[in-house]
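# Commentary on secondary and tertiary structure
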Amino acid sequence: MRFPWAVLIDLVCVLAFVLIGRSSHGEGNALLGLATTLWPFAAALAAGWLLTRAWRAPAAVLRTGVGVWVVTVAGGMALRAVTDAGTAPSFMVVTSVFLGVTLLGWRAVATAVLRRRPGRATPAASR
């Protein structure tokens, strides 16, 4: 898995979370509202990539995925708290579950697919 694709997939996971959340609460998806909800998690995702050095093994579930997930959730919530954007316990649970399933899930699927391809090197997914 190449680094640019992994970043894009992670961003799509976070964007999907924001779009689904805004839609389920009847909030419009106007650009400003979308950006206001997205930026804390996008910034935390970037921090997660930097802290885990995700570019080294972008599809690794344990080595990269868990760290990216934890930093994205914790950092996003911290930024929302600082900006008075809301961090209700139910929101924290939904955020943790959704981002956990998506950020770890795509990595698990990619690892399984890459392992089954003949002639491909096994990614460092379980480290």
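For the structure, see preceding data.
For clarity, every value in this text was computed on a predicted model and none was experimentally measured. (Residues numbered from 1 in each chain as written. Predicted model: local features only at pLDDT ≥ 70, side-chain atom pairs only at ≥ 80, totals over all residues. Heavy atoms only, no water.)

### Regarding the overall build of the protein
Across its full length, the protein holds four helices and zero strands. Taking 127 residues into account, the globule formula puts the C-alpha radius of gyration at 14 Å, and the protein, at 15 Å, falls close to it. Summarising its shape, the C-alpha atoms of the protein cover approximately 50 × 25 × 25 Å along the three principal directions. Taking as baseline every contact in the protein between residues at least 6 positions apart, the subset at least 24 positions apart corresponds to 67%. Summed over its atoms, the accessible surface of the protein is roughly 7,200 Å², and 70% of this surface lies on carbon and sulfur atoms. (Helix = DSSP H or I, 4+ residues; strand = E, 2+ residues; numbered from the N terminus. Rg over C-alpha atoms; globule rule 2.2 N^0.38 Å. Contact = heavy atoms within 4.5 Å. Areas by Shrake-Rupley, 256 points an atom, 1.4 Å probe, with all protein chains shown as cover.)

### Notes on the nonpolar core
One finds Phe41, Trp49, Val68, Leu99 and Trp106 to be the most contacted residues of the largest nonpolar core, which totals 18 residues. If you list the elements that add at least two residues to this core, you get helix H1 (3-24), helix H2 (31-52), helix H3 (61-82) and helix H4 (89-116). Take this core: its biggest share by element is five residues, from H1. Filtering out sequence-adjacent residues up to four positions away, tryptophan 49 remains in contact with Phe3, Ala6, Val7, Asp10, Ala54, Trp55, Pro58, Val68 and Arg107. (Core = buried A, V, L, I, M, F, W, Y, C linked by side-chain atoms within 4.5 Å. Buried < 20%, exposed > 50% of the residue type's maximum accessible area, 1.4 Å probe, protein only.)

### Some thoughts on the packing of aromatic side chains
Scanning all chains against the criterion turns up five aromatic pairs. A centroid spacing of 5.6 Å and a plane angle of 55° characterise the contact between phenylalanine 3 and tryptophan 49, whose relative ring orientation is tilted. Here phenylalanine 3 is found in helix H1, whereas its partner tryptophan 49 is found in helix H2, with 46 residues between them in sequence. Residue class for tryptophan 49 comes out buried when judged on its relative accessible area of 7%. Taken together through their ring pairs, the aromatic side chains of Phe17, Phe41, Phe91 and Phe98 make up a single cluster. (Phe/Tyr/Trp six-rings, centres within 6.5 Å; stacked < 30°, edge-to-face > 60°.)

### Quick word on H4
Here H4 contains 28 residues, and its C-alpha end-to-end distance of 40 Å stays within 8% of the 40 Å for a straight helix at 1.5 Å per residue. In H4, a bend of some 25° at glycine 105 exceeds every other bend along the element. Among all positions of H4, only Thr95, Leu99, Gly100, Thr102, Leu103, Leu104, Trp106, Arg107, Ala110, Thr111 and Leu114 are buried. For H4, the elements touching its buried residues are H1, H2 and H3. (Expected span 1.5 Å × (residues − 1). Bend = angle between axes of the 7 residues up to and from the residue.)

### Quick word on the environment of valine 61
With respect to the helices, strands and loops of the structure, valine 61 is situated in helix H3. We classify valine 61 as buried; its relative accessible area is 18%.

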